[in-house]
Amino acid sequence: MNRGSTLAGNATFRHSNTALLSVSSVEAPRIVSSTDFDHRLAATLKRLKFPPRLLERVAGITHRRWWAAGTSFDDAAVDAGAKALAEAGVEASEIGLLINTSVTRRNLEPSVAVKIHHELGLPSSAMNFDLANACLGFVNGLILAANMIDSGQIKYAVIVNGEDAQSTQEATLERLQRPETTREDFNREFATLTLGSGAAAAVLGPANEHPGGHRLIGGVMRAGTEHHELCVGGIDGMTTDTKGLLDGGLQLVVDAWHEAQPEWDWSAMDRYVTHQVSNAYTQAIINAIDLDPDRVPITFPHWGNVGPASLPMTLAAESQSLNSGDRVLCMGVGSGLNAGMVEIVW
């Protein structure tokens, strides 16, 4: 595929009457430092001749968070959803759509969404389902819900996400401590150690009935599915071609950025809220499309990569310092690869 070619179809899109009414996050309470991981992997790191403080030096991650014993990722998603509904001033009975975008799941069926729907007390008339698209899922959920609001099919939607990295990281740490682990094994599983736990939720509604809401303007989507084998994750671990994923993801974001330029001017946004991965990824994006680093907030050093929750959690943190009229570009990317950008006017 020629990445520089002009695309037909729905690569760019606009929303007509949807506003973000709230975005909230829930931090997992247990702080787990990269130093803790270094201690657990000390023998392996020494045997394979890796330098000390590898996670901090390579990824820029000093901490990530795990849930307290007895708290599950979907419990946290329920908490985030309830918090977002309260902040939006929308009653559960008014919700017409719930989308769960969590990567984490404990079983194949039923959906994670059904428990969240029940615990939030949503009406039987509210559609609910899981939307899975790796770390881009929350952005996909926003776009899908906005399209349904614009069409008049629903009035209000809640998008939720809850992630739990602990069991995957525990299994990975156990494997990497084995004496037969090679440098290649370590490199393939390194990205798993950058993950974190957290939850987020957003409520969307009709902009014409909420003049104080934050309008979803539109954006661009782009796929690079020739890269679908670069990052493959399961319950017990994740294998990643880190360089291939960085190179492919960067090219996809750059292509999407240039694809949007005939219609959009995103050169002077007030915030660029990106997927939170690592120092290398963030700096590469800043350099590739010439962003002002002061307008690119980062949360991965203390949260790690919280999957689809990382972007809305960062947006929720930034919302405290945004002013009416500020332009925000949400820049998501997910393994597979898919990328999406959505503009929101605060």
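Rules of the game
- Residues numbered from 1 in each chain as written.
- Predicted model: local features only at pLDDT ≥ 70, side-chain atom pairs only at ≥ 80, totals over all residues.
- Heavy atoms only, no water.
- Helix = DSSP H or I, 4+ residues; strand = E, 2+ residues; numbered from the N terminus.
- Buried < 20%, exposed > 50% of the residue type's maximum accessible area, 1.4 Å probe, protein only.
- Contact = heavy atoms within 4.5 Å.
- Core = buried A, V, L, I, M, F, W, Y, C linked by side-chain atoms within 4.5 Å.
- Salt bridge = Lys/Arg side-chain N within 4 Å of Asp/Glu carboxyl O.
- Axes fitted to C-alpha atoms, helices over the stretch in contact; angles between N-to-C directions.
- Left-handed = near helix turned anticlockwise from the far one by under 90°.
- Disulfide = S-S within 2.5 Å.
- Parallel < 35°, antiparallel > 145°, perpendicular 65-115°, else oblique.
- Nonpolar A, V, L, I, M, F, W, Y, C, P; charged D, E, K, R; others polar.

**What to know about the side chain of Glu-189**
Then, in step 1: Positionally, Glu-189 belongs in helix H8 (residues 183–189).
Then, in step 2: Its relative accessible area of 11% is what places Glu-189 among the buried residues.

**Comments concerning the side chain of Asn-338**
Then, in step 1: Looking at the secondary structure, you find Asn-338 in strand S14 (residues 338–345).
Then, in step 2: Given a relative accessible area of 18%, Asn-338 falls into the buried group.
Then, in step 3: Residues contacting Asn-338, with those up to four places away along its chain left out, are Asn-133, Leu-136, Arg-222, Ala-223, Leu-252, Gly-332 and Val-333.

**A closer look at the nonpolar core**
Then, in step 1: Counting residues in each nonpolar core, the largest one holds 31 residues, and the members touching the most others are Leu-20, Ile-159, Leu-204, Leu-315, Ile-344 and Trp-346.
Then, in step 2: Within the residue set of this core, elements represented by two or more residues are strand S2 (18–27), strand S5 (95–100), helix H6 (137–151), strand S7 (156–163), strand S8 (198–206), helix H12 (310–318), strand S13 (327–334) and S14.
Then, in step 3: For this core, the element with the most residues is H6, which contributes eight residues.
Then, in step 4: If you look at the next biggest cluster of nonpolar residues, it comprises 30 residues, including Ala-76, Ile-95, Leu-120 and Ala-126.

**Remarks on unusual backbone geometry**
Then, in step 1: Between Glu-109 and the following residue, Pro-110, the backbone shows a cis peptide bond with an omega angle of 0°.
Then, in step 2: Mapped onto the fold, Pro-110 is located in the loop between S5 and helix H5 (112–120).
Then, in step 3: In this model, Gly-336 is joined to Leu-337 through a cis peptide bond whose omega is -10°.
Then, in step 4: Note that Leu-337 resides in the loop between S13 and S14.
Then, in step 5: In the Ramachandran plot, Arg-53 falls in the positive-phi region, its phi being about 55° despite a non-glycine side chain.
Then, in step 6: By the secondary structure assignment, Arg-53 is in the loop between helix H2 (42–47) and helix H3 (54–59).
Then, in step 7: The backbone of Asp-290 shows a phi angle near 60°, a positive value even though the residue is not glycine.
Then, in step 8: Among the structural elements, Asp-290 can be located in the loop between helix H10 (279–288) and helix H11 (300–303).
Then, in step 9: Classification of Asp-290 by relative accessible area gives exposed; the value is 66%.

**A few points about the pattern of salt bridges**
Then, in step 1: Tallied over the entire structure, the rule returns 16 salt bridges.
Then, in step 2: Measuring nitrogen to oxygen at the nearest pair gives 3.7 Å for the salt bridge that ties Glu-27 to Arg-65. Here Glu-27, found in strand S2, pairs with Arg-65, found in strand S4 (residues 63–66); they are 38 residues apart in sequence, far enough to count as distant.
Then, in step 3: For Arg-65, a relative accessible area of 15% corresponds to the buried category.
Then, in step 4: A salt bridge links Asp-75 to Lys-115; the shortest N-O distance between them is 2.9 Å. Of this pair, Asp-75 sits in helix H4 (residues 73–88) while Lys-115 is found in helix H5, placing the two residues 40 residues apart along the sequence.
Then, in step 5: Each member of the salt-bridge network shares a partner with another, and the members are Asp-74, Asp-75, Arg-106 and Lys-115.

**Comments concerning the packing of helix H9 (residues 242–260) against H10**
Then, in step 1: The N-to-C vectors of H9 and H10 enclose an angle of 35°; their axes lie 10 Å apart at closest approach. Note that H9 runs across H10; the crossing there is right-handed. Taking contact as the criterion, the partners of Leu-246, Leu-250, Val-253 and Val-254 in H9 are, on H10, Ala-280, Tyr-281, Ala-284, Ile-285 and Ala-288.

**Some details on the state of the cysteines**
Then, in step 1: Considering all chains together, one arrives at zero disulfides under this definition.
Then, in step 2: As a non-bridged cysteine, Cys-135 has Cys-231 as the owner of its nearest cysteine sulfur, 7.5 Å distant.
Then, in step 3: Residue classification places Cys-135 among the partly exposed residues on the basis of a relative accessible area of 22%.
Then, in step 4: No disulfide involves Cys-330; its nearest neighbouring cysteine sulfur is the one of Cys-135, lying 15 Å away.

**Details of the environment of Gly-121**
Then, in step 1: The topology assignment puts Gly-121 in the loop between H5 and strand S6 (127–130).
Then, in step 2: For Gly-121, a relative accessible area of 47% translates into the label partly exposed.
Then, in step 3: The spatial distance from the C-alpha of Gly-121 to the C-alpha of Ser-324 is 32 Å, given a sequence separation of 203 residues.

**So, the packing of H4 against H5**
Then, in step 1: Contact geometry of H4 with H5 gives a least axis separation of 9 Å together with a crossing angle of 45°. Between H4 and H5, the angle falls in the class oblique. Pair H4 / H5 crosses with right-handed handedness. The segment H4 lies against H5, with Phe-73, Asp-74, Asp-75, Ala-77, Val-78, Gly-81 and Ala-82 engaging Val-112, Lys-115, Ile-116, Glu-119 and Leu-120.
Then, in step 2: Here the contact of H4 with H5 is built from residues that sort into seven nonpolar, one polar and four charged.

**As for helix H7 (residues 166–176)**
Then, in step 1: Restricting attention to buried positions, one finds in H7 the residues Thr-168, Gln-169, Ala-171, Thr-172, Leu-173 and Leu-176.
Then, in step 2: Here the buried face of H7 lies against helix H1 (34–40), H2, S4, H8, strand S10 (231–234) and strand S11 (237–240).

These values are about where atoms sit, not about what they do.
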